[in-house]
Structure formats: C-alpha cells, structure tokens
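Structure at a glance
Each chain, written out:
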Amino acid sequence: MLSRHAERFPTLSVGIKMKTLITKLKASGAPVLPFLETWEEFFDVDEKGKSIDLEELTREGKYAGVRQAYNIGVQLRNRYDHLVDLIDGSENSTSNTFSIFSCSCSRVLRTAENFALGFFKEDELFANVRHVIIPDVAPQRGADTLTPVKACLRYRQDPEMGRDRGKKLSDQFKSVYLSRTADRLRGQYDYDFSVSDLWHMQEMCGFEILATGNEESPWCGIFTQQEWEEFAYARDLLHYYRTGPGTPYSAVMGFLYLNATREVLELGPEKAGKFASFSVYIYIYILLLIILFDSAHDGDLVPLVGTLDLFPEDQPLPSTHVPDARNWTLSSVVPMGGRVVFERVSCASKIGSPSIWVRILVNDGVVPIPGCESETIDGGLCPLDQFIKIVDKKGQEVGHFDEICGLKEGLGRRPSFLRQNGENRSRQGAYVKLE
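How each quantity is defined
Residues numbered from 1 in each chain as written. Predicted model: local features only at pLDDT ≥ 70, side-chain atom pairs only at ≥ 80, totals over all residues. Heavy atoms only, no water. Helix = DSSP H or I, 4+ residues; strand = E, 2+ residues; numbered from the N terminus. Buried < 20%, exposed > 50% of the residue type's maximum accessible area, 1.4 Å probe, protein only. Contact = heavy atoms within 4.5 Å. Areas by Shrake-Rupley, 256 points an atom, 1.4 Å probe, with all protein chains shown as cover. Pairing = 2+ DSSP bridges. Disulfide = S-S within 2.5 Å. Phe/Tyr/Trp six-rings, centres within 6.5 Å; stacked < 30°, edge-to-face > 60°. Lys NZ or Arg CZ within 6 Å of the ring centre and 35° of its normal. pLDDT = per-residue confidence, 0-100. Expected span 1.5 Å × (residues − 1). Arc of directions from axis to C-beta. Core = buried A, V, L, I, M, F, W, Y, C linked by side-chain atoms within 4.5 Å.

Below, the discussion takes up the overall build of the chain. Within the chain one finds 15 helices and 9 strands. Across the 435 residues that make up the chain, the buried fraction comes to 55%. Nonlocal contacts in the chain, meaning residues at least 24 apart in sequence, comprise 74% of its contacts between residues at least 6 apart. About 19700 Å² of surface is accessible on the chain, with carbon and sulfur atoms providing 50% of the total.

Below, the discussion takes up the pairing of strand β5 (residues 339-346). Among the 8 residues that make up β5, 8 are buried, leaving the element largely enclosed by the rest of the structure. Side chains of β5 alternate between two faces, with Arg-339, Val-341, Glu-343 and Val-345 and Val-340, Phe-342, Arg-344 and Ser-346 buried alike. Pairing of strand β1 (residues 2-4) with β5 involves 2 bridges; the strand directions are antiparallel. Bridged to Ser-3 within β5 is Arg-339. In terms of strand pairing, β5 meets strand β6 (residues 356-362) through 7 bridges, oriented antiparallel. Residue pairing across strands places Glu-343 opposite Arg-359, the latter belonging to β6.

Under the defined criterion, the tally for this structure stands at 3 disulfides. Each sulfur of the disulfide joining Cys-152 and Cys-405 lies 2.1 Å from the other. Across the disulfide from Cys-152 to Cys-405, rotation about the S-S bond amounts to roughly -95°, and the bridge is consequently left-handed. Taken together, the residues Cys-152 in the loop between α5 (148-151) and α6 (153-157) and Cys-405 in helix α14 (residues 401-405) connect sequence positions 253 residues apart.

For the structure shown, the criterion picks out 17 aromatic pairs. For the ring pair Phe-42 and Phe-43, a centre distance of 5.0 Å and an interplane angle of 75° mean the geometry is edge-to-face. Judged by relative accessible area, Phe-43 falls into the buried class, the value being 2%. Pairwise contacts between aromatic rings join Phe-35, Trp-39, Phe-42, Phe-43 and Trp-219 into one cluster. The lysine or arginine in question, Arg-77, covers the ring of Phe-119, its NZ or CZ lying 5.8 Å from the ring centre. Seen from the ring of Trp-199, Lys-174 lies directly overhead, with NZ or CZ sitting 4.0 Å from the centre.

Quick look at the confidence of the model for the chain now. In the predicted model, the chain carries a mean pLDDT of 84, and the fraction of residues at 70 or more is 83%. Considering each helix and strand of the chain separately, the mean pLDDT is smallest for helix α15 (residues 422-425), with a value of 41, and largest for helix α8 (residues 195-212), with 97. Long-range and interchain partners of residues 88-95, a stretch whose pLDDT sits below 50, account for 7 contacts in this model, where long-range means more than four residues apart. Note that residues 420-429 has pLDDT below 50 and, in this model, 22 contacts with residues that lie over four places away or in other chains.

Another point: helix α1 (residues 12-26). The first and last C-alpha atoms of α1 sit 21 Å apart over 15 residues, in line with the 21 Å expected at 1.5 Å per residue. Listed in full, the buried residues belonging to α1 are Val-14, Gly-15, Met-18, Leu-21, Ile-22 and Leu-25. Axial view of α1: buried residues confined to an arc of 120°, hence all on one face. In the core, the buried residues of α1 are packed alongside α8.

Among the nonpolar cores identified, the biggest contains 96 residues, and Leu-33, Phe-193, Trp-219, Phe-342, Phe-387 and Phe-401 are the most heavily contacted of them. The element that contributes the greatest number of residues to this core is α8, accounting for 9 residues. Those residues within four positions of Phe-401 in sequence are excluded, and the remaining contacts are Ala-143, Pro-148, Ala-151, Cys-152, Val-252, Met-253, Leu-256 and Leu-407. Core analysis: the second largest hydrophobic core is formed by 17 residues, Val-84, Ala-112, Ala-116 and Val-341 among them.

What follows covers the environment of Arg-242. Counting through the fold element by element, Arg-242 comes out in helix α9 (residues 225-242). A residue is classified by how much of its surface remains accessible, and Arg-242, at 18% relative accessible area, is buried. The spatial distance from the C-alpha of Arg-242 to the C-alpha of Met-161 is 8.5 Å, given a sequence separation of 81 residues. Not counting the four nearest positions on each side in its chain, Arg-242 is found in contact with Tyr-155, Arg-163, Gly-166, Lys-167 and Thr-247.

See the structure below:
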C-alpha cells in the first residue's frame, strides 16, 4: 500500500495567504462578509509566521486526520485479519520485524504512526513494528526514495513541462471561472474580490470543515454549485499537469515504486517474505498477500496512478472549460488519506488457468489494470505473468529515472529500502532513519 497522508491543515504558505486575506477583509471598515464579526479562525499564525497547526494533521472533529489514519489501519486489519492472526500464532512470530515506511515530513510521519496503531492495536506484534523514515530531500539517495517528485532535478527545473506547468494551467482556468464569480459578488458585497481572494475563500471552506468538523462553514455558502464543480476541476488540472499524465516526467517518477512493487509480487511469499515489510509467510488457500505500508504525499501517488494509466483521458484536459466527462478527478485519485493497494492473490487453480493474480485497489475500489482487460476475470484480477509483462513494457517506454531527471552518476537508481536487509534490521528502537 502506498498512501497519502491523512487530513491536514493548510500548508504554511497557503495558511499565511488565508490569514492575510482575513485581516484585509476585516480591516475594510464594516466587515465585507457579515459573518466575520463572529467567525473564529481555525488555525493560529503568530507575527513571525510560525504556527503549530499549519502543515500538520487535523486533530479534532469528525474529519480529524489523526483519527482517519488510525481508522484506515483498523479497516485494513479487519480486511486482512485472518492473515495476521495466522502469523501471530506461528512459531516464528516473535522474531518477525514489521516495517512501515514514510518520508520525513511531520504529517506523513504522524499518519504512518497512527495507521500502525490502528492495524496492530492490541497485538504483541506491535512491539516489533519499525518505522523506517526516508528523508524527503536527500540528494545522495537519488531514485532510492519515496518522494521522486523531489528527487527529479529536471522536473523541478524545467519551466515549461516540469513542476510549474500544473499551476500555470490551473491558474488559467481559475481566471476564467473566478472572474465570473467576482462579477457576481461585486454588487452583492460592494467589494472587488480578486481571483486570488476568491480561490482562498473556496479553500477555507474545505479546510475549516477538515479542521473543525463544521460542515456549515460560512465560506461554503458564498459559492454556487457550479463554482464548486469548477473549483474541483481547477484542482484536477493542477495535479494532472503537475505530477500526472500532463507532464512528461510523471511516468518515470511513478515507475520507481511500480517496479519495486512488481519485483516483490513476482518473488512471492517464499522468497519476498524473508525481507518484505510486514510479510505474510504462510500460504492461504484462497488469498495470499504481501503487505508493504508506505506513506508519502499526493504528488508521489499521482505519478504511480498515471504510469499505470488507471484513469485515462482520450485528450489532455483543457484549461478553458470543464469537459463534459472525464476520468481524472482528484477526489477519486488522491484525496487526503488516499491509497493504492496492490494485492497478490492465490486462487485454487482451474485446468489451464493461472493460479496467481494481481489486483489493484484505489481508495478501496477495484480498478482494472489497463492492458490486461482481456485477461482480467471478475473482481479485477490480472494474471501475475501478464502484470509483469505490462510493467516491463512500461519500463522500456519510460526510460531510466537518473538519465531523464539529470541525476549524477553513482546515485541510487531504484528504491532499495523496501527490502528488509541487515541495514535496518540491525538497529534498535522503533525508528530507523535512513540517510
């Protein structure tokens, strides 16, 4: 499983812009928005721009990120409980070390920890859980990372087709629909809202709900249903062109984790079980899973989804209007807490049919594997050998990460930490930080 962090407060830069907007609206004489007289801000920022809230998981209310991460752990434990119970009762269970991996960002660390609490809550196995931390920015690691969007130098430097492409095209569309919104609101509130003002007001609606659980946020009622659909599309554009299929760097970034996962699935439990994180060592008649828990950011999940072409578009998304129909919707691909699960499934063989299959779940929904539809049976199962061929073909198409991303020779070319080798088994304590 590769998961995005759970629900959070705004990032520091966005939170400061929201704070500046609120101050400006309150200082304009009589409050431009009447509810501001009694409305309470849902995050703190001091005069130096410091905050204990911004960037972190939300802590209260029905959408608290800390609770969501825990609940996902409980949910997956319920789904795969029979496998864990069998390991727990095995003779070798006390010698097993189960690792979860995360990048080093604080909200991702907390997500991984709360997930593990939910999954291993009352097990003796929890004492054997190791949290392996992969630094977000570690130039010497190269492609040996959970955050390829930060490791790919050319992607971050390319002004036309790199990281900034998503914001440019999303901003174009914001200007289209929020200019109409500004015209609509100008007479109603006697104030000349800018496109930036309106965008941050829309963001405050969602973030206030996440931070407080208050689904009656007054920011939400300012906008029409159409404007909310356009807001969602602006977010779709941002990620489609920032880290998704709209940037040529996406496929090679997503292939890193895809190929590492393919190798573990191909090896199977008898071989991979000796070093894969949270590995199930025993055969189950109907279902067998090797489970790896990895936590990162939305920008690190989007390339994986794009590399596999799980939500394909016939044409690139336009920045001038919302298309009548689209497969790519950010709320379906990588919501906060979003996750992609690869399952290795062992079924009772029928004469002439494969017995080992791969299935992919995106946010708990089964998604057919493109290129395997003709071979896929009900339930999204793809023969393992067909899946391996699909991934190998992708590798030939996307090229090498270090070459495309302009990395120096000698740096890591692939994720190595997913295998439990002596490097992190030999260290003591719940945390292992790889340099």
